[in-house]
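Secondary and tertiary structure notes
Here is what each chain is made of, one letter per residue.
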Amino acid sequence: MIRIRLANAEDADALQRIYAYYVEDSETVVSFETEAPDVAEFRRRIQQISAAFPYLVCEQDGRLLGYAYAHKCFERAAYQWCAETTVYLSRDARGLGIGRALYFALIQLLTKLDYRVLYAVIVSENRDSCLFHERLGFRLFSVFSQSGWKSGRWLDVSWYELKCGSFDGEPSPPRLITDLSANEIERVCAEATTRVTNSPTRA
């Protein structure tokens, strides 16, 4: 059985293993971290992010296949309706529609929390991720040329954006994920879960 749900601290070990590959493998430049965080640090990140934002995992029969979350994008108060989104999948879980399902739930929850602009920051040569976001409606709006050095070369970074919610009138501050009821979150996650098995073979 496949299920999408909110992450918890007990997921840290499995999620750290998924993420460590993208940090440490010399063939990938998906992450700009050069040393993978240990499990304790990963657990701290989950707890910190989950206090305010959706942090989602996809599991199958107890095995975690991937995760997606959002976090604050900028510090200044006028940016508070912006969030940055992230998704990582286990290497053997790609092509099953899990990434799309996780992002469906993530975007739905962020919209309910009154976020207006979502950003995805992607290493430009990671074409799979660029295409994935474009298919979900994200728009490329800027490229930061040669802004990172990893794996022996300078790397460009592409910034994508997705507008959500209404821009009419004065907005209320975004809510916390803890402000949503468990039933409301479960409904979104349940709908997203159905999209895994019904999705075409894309991330």
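Quick summary incoming for the structure in this document. (Residues numbered from 1 in each chain as written. Predicted model: local features only at pLDDT ≥ 70, side-chain atom pairs only at ≥ 80, totals over all residues. Heavy atoms only, no water.)

A word on the state of the cysteines
Covalent bonding between the sulfur atoms of two cysteines defines a disulfide. This model, assessed by the stated rule, comprises zero disulfides. Distance from the sulfur of Cys 82, which forms no disulfide, to the nearest cysteine sulfur (Cys 73) is 6.5 Å. In this structure Cys 82 comes out as buried when scored by relative accessible area, which is 11%. Of all cysteine sulfurs in the structure, the one in Cys 73 sits closest to Cys 130, which takes part in no disulfide; the separation is 16 Å. Take Cys 130: its relative accessible area is 0%, and that puts it in the buried class. (Disulfide = S-S within 2.5 Å. Buried < 20%, exposed > 50% of the residue type's maximum accessible area, 1.4 Å probe, protein only.)

Describing the environment of Asp 38
Mapped onto the secondary structure, Asp 38 falls in the loop between α1 (12-24) and α2 (39-50). Residue Asp 38 is classed as partly exposed on the basis of its relative accessible area, which comes to 48%. At 3.3 Å, the side chain of Asp 38 forms a polar contact with the backbone nitrogen of Ala 40. A distance of 2.8 Å separates a polar side-chain atom of Asp 38 from the backbone nitrogen of Glu 41. (Helix = DSSP H or I, 4+ residues; strand = E, 2+ residues; numbered from the N terminus. Polar contact = N/O pair within 3.5 Å; in protein donor to acceptor, adjacent residues only side chain to side chain.)

Topic: the pattern of salt bridges
Under the criterion given, the structure shown has 13 salt bridges. A salt bridge links Arg 5 to Asp 11; the nearest nitrogen and oxygen atoms lie 2.9 Å apart. The same class applies to Arg 5 as to Asp 11, namely buried. One salt bridge connects Glu 191 with Arg 195, and the closest N-O pair in it is separated by 3.8 Å. One end of the pair, Glu 191, and the other, Arg 195, are both in helix α5 (residues 182-198), four residues apart, so they sit about a helical turn from each other. By relative accessible area, Glu 191 is classed as partly exposed at 40%. Accessibility expressed as a relative area gives 38% for Arg 195, which makes it partly exposed. Counted as one network, the salt bridges with shared partners bring together Arg 3, Arg 5, Asp 11 and Glu 59. (Salt bridge = Lys/Arg side-chain N within 4 Å of Asp/Glu carboxyl O.)

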